[in-house]
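# Summary of the model geometry
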Amino acid sequence: MRVTKDKLKNLIQTKLEQAGLTEEHAGVVADVLVFADAKGIHSHGAMRVEYYAERIAKNGITHNPEFRLEKTGPSSAIYHADNGSGHVACKFAMEEAIQMAKENGVAVVGVKKMSHSGALSYFTEMAAREDLVGFAVCQSDPMVVPFGGAEPYYGTNPLAFAAPGNDGKMISFDMATTVQAWGKILHARSKNEEIPDTWAVDEHGEATTDPHKVKALLPISGPKGYGLGMMIDVLSGVLLGLPFGKKVSSMYHDLSEGRDLGQLHIVINPNAFTSVQTFKDNITQTMQDLNAVKPAKGFDQVYYPGQNYEATEKDYEENGIEIVDDIYDYLVSDVVHNDAYDHQDPFAD
Ligand code: NAI
């Protein structure tokens, strides 16, 4: 099913408003989700709406939160999110961080007690569009085996980085610290497709290709991905005085409670180190150099991070965004949610 960007955004916004979110917040969440779908990052797009709608309807996401910026120094702040939507809190917190970095050269803003925030590059790209470097990390619920472990401890803990080049272009790198994001497993489930045996393990800790049997995800590159996930949990959880590690709330545990999650934004003004124009020229040079690297057998070219989405973005812009039929049917239906997620096993469908 193909849907225009505007229509998809409208459908999502309407559904989230029906669930109880304010018009403003529903609009921001819809924007973040469509940002992901428009790049083909379907794991963090419309497929999440029913889960959010259920959590909103059950008051596990604060409908009209009291967001508050607490400045803790010239370049540091805590953005208290009152368990509102993470998408909205992180957008507003990034706007504050951008302002602080413009004034002081650097900004570190922790978003404290939020709900799920979606694709992190939405926020880091906000900084890059303002000629700043954006970096973001966040916690997510424990579903990843630490290296050598037989049970989950950390989450898929993603990190994102964006740096501006010339002509509105940027490098935008955004990844979960697992071989694949959990949403990719959900996407495979929704399409009944097999997954590679390097992504996840089953209840016995053994590799599985059946997305329905997944009981834990594998970190990227063994101890290195495990270490990155640890670092992210420290920066977005321990540092902000939030639950960390195995104590991070599960996505499906109790949808009437706030999730108390954390996210950290670091914004750097290139002007504090070099001139913005020199920085942008050299990022553009980096992009060109990468594109000029001789491709290996089986590859047509080397892309810089983020560039790999361009072909999909162009196709979706011209022909509409591709959405799984079941998700579209839900979005156009009168159903707000089907009571499908509350108290589910974290690895439930
Ligand atoms: P991915 O594996 O699809 O992509 C990771 C990175 O690799 C991207 O920056 C992409 O541009 C780059 N890349 C991919 N193919 C490339 C190629 N051929 N050439 C050059 N670069 C290439 O992303 P992943 O790990 O599946 O994450 C998906 C999303 O899930 C992210 O937006 C992440 O922020 C989000 N996420 C959010 C969580 C949350 O709790 N808020 C938790 C986990 C993930």
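What you see is a predicted model, and the numbers here were worked out from it, not measured in a lab.

## Observations concerning the packing of helix α4 (residues 86-104) against helix α5 (residues 121-129)
As a packed pair, α4 and α5 sit with axes 10 Å apart at the nearest point and diverge in direction by 20°. With respect to α5, the axis of α4 lies roughly parallel. In the packing of α4 onto α5, the handedness of the crossing is right-handed. Only Tyr122, Phe123, Thr124, Met126 and Ala127 of α5 make contact with α4, whose side of the interface consists of Gly86, His87, Cys90, Lys91, Met94, Glu95 and Ile98. Partitioned by chemical class, the residues of the contact of α4 with α5 number 7 nonpolar, 3 polar and 2 charged.

## Things to note about the site of the ligand
Around the ligand lies a shell of 24 residues, among which Gly118, Asp174, Ala176, Lys184 and Asn308 are the nearest. Leu120 is positioned such that a nitrogen or oxygen atom in its backbone is 3.1 Å from an oxygen atom of the ligand. Interatomic distance of 2.7 Å between a side-chain N/O atom of Lys184 and an oxygen atom of the ligand. Contact with the protein chains covers 81% of the free accessible surface of the ligand, which is 870 Å². Under a 2 Å grid-point criterion requiring more than half of the atoms, the pocket assigned to the ligand is the largest pocket. If you tally residues by element for the shell around the ligand, the top one is strand β7 (residues 170-175), at 4 residues. Its residues assigned to classes, the shell around the ligand shows 12 nonpolar, 10 polar and 2 charged. The residue makeup of the shell around the ligand includes at least three contributed by each of domain 1 (1-57 + 306-349) and domain 2 (65-275).

Criteria and thresholds
- Residues numbered from 1 in each chain as written.
- Predicted model: local features only at pLDDT ≥ 70, side-chain atom pairs only at ≥ 80, totals over all residues.
- Heavy atoms only, no water.
- Axes fitted to C-alpha atoms, helices over the stretch in contact; angles between N-to-C directions.
- Helix = DSSP H or I, 4+ residues; strand = E, 2+ residues; numbered from the N terminus.
- Parallel < 35°, antiparallel > 145°, perpendicular 65-115°, else oblique.
- Left-handed = near helix turned anticlockwise from the far one by under 90°.
- Contact = heavy atoms within 4.5 Å.
- Nonpolar A, V, L, I, M, F, W, Y, C, P; charged D, E, K, R; others polar.
- Near = heavy atom within 4 Å.
- Polar contact = N/O pair within 3.5 Å; in protein donor to acceptor, adjacent residues only side chain to side chain.
- Areas by Shrake-Rupley, 256 points an atom, 1.4 Å probe, with all protein chains shown as cover.
- 1 Å grid on protein atoms, 1.4 Å probe; cavity = no way out; pocket = protein on both sides within 12 Å on 5 of 7 lines; lining within 4 Å.
- Sits in = over half its atoms within 2 Å of the grid points.
- Domains from an automatic or database assignment.

Treat this as a map of the structure, not an account of what it does.
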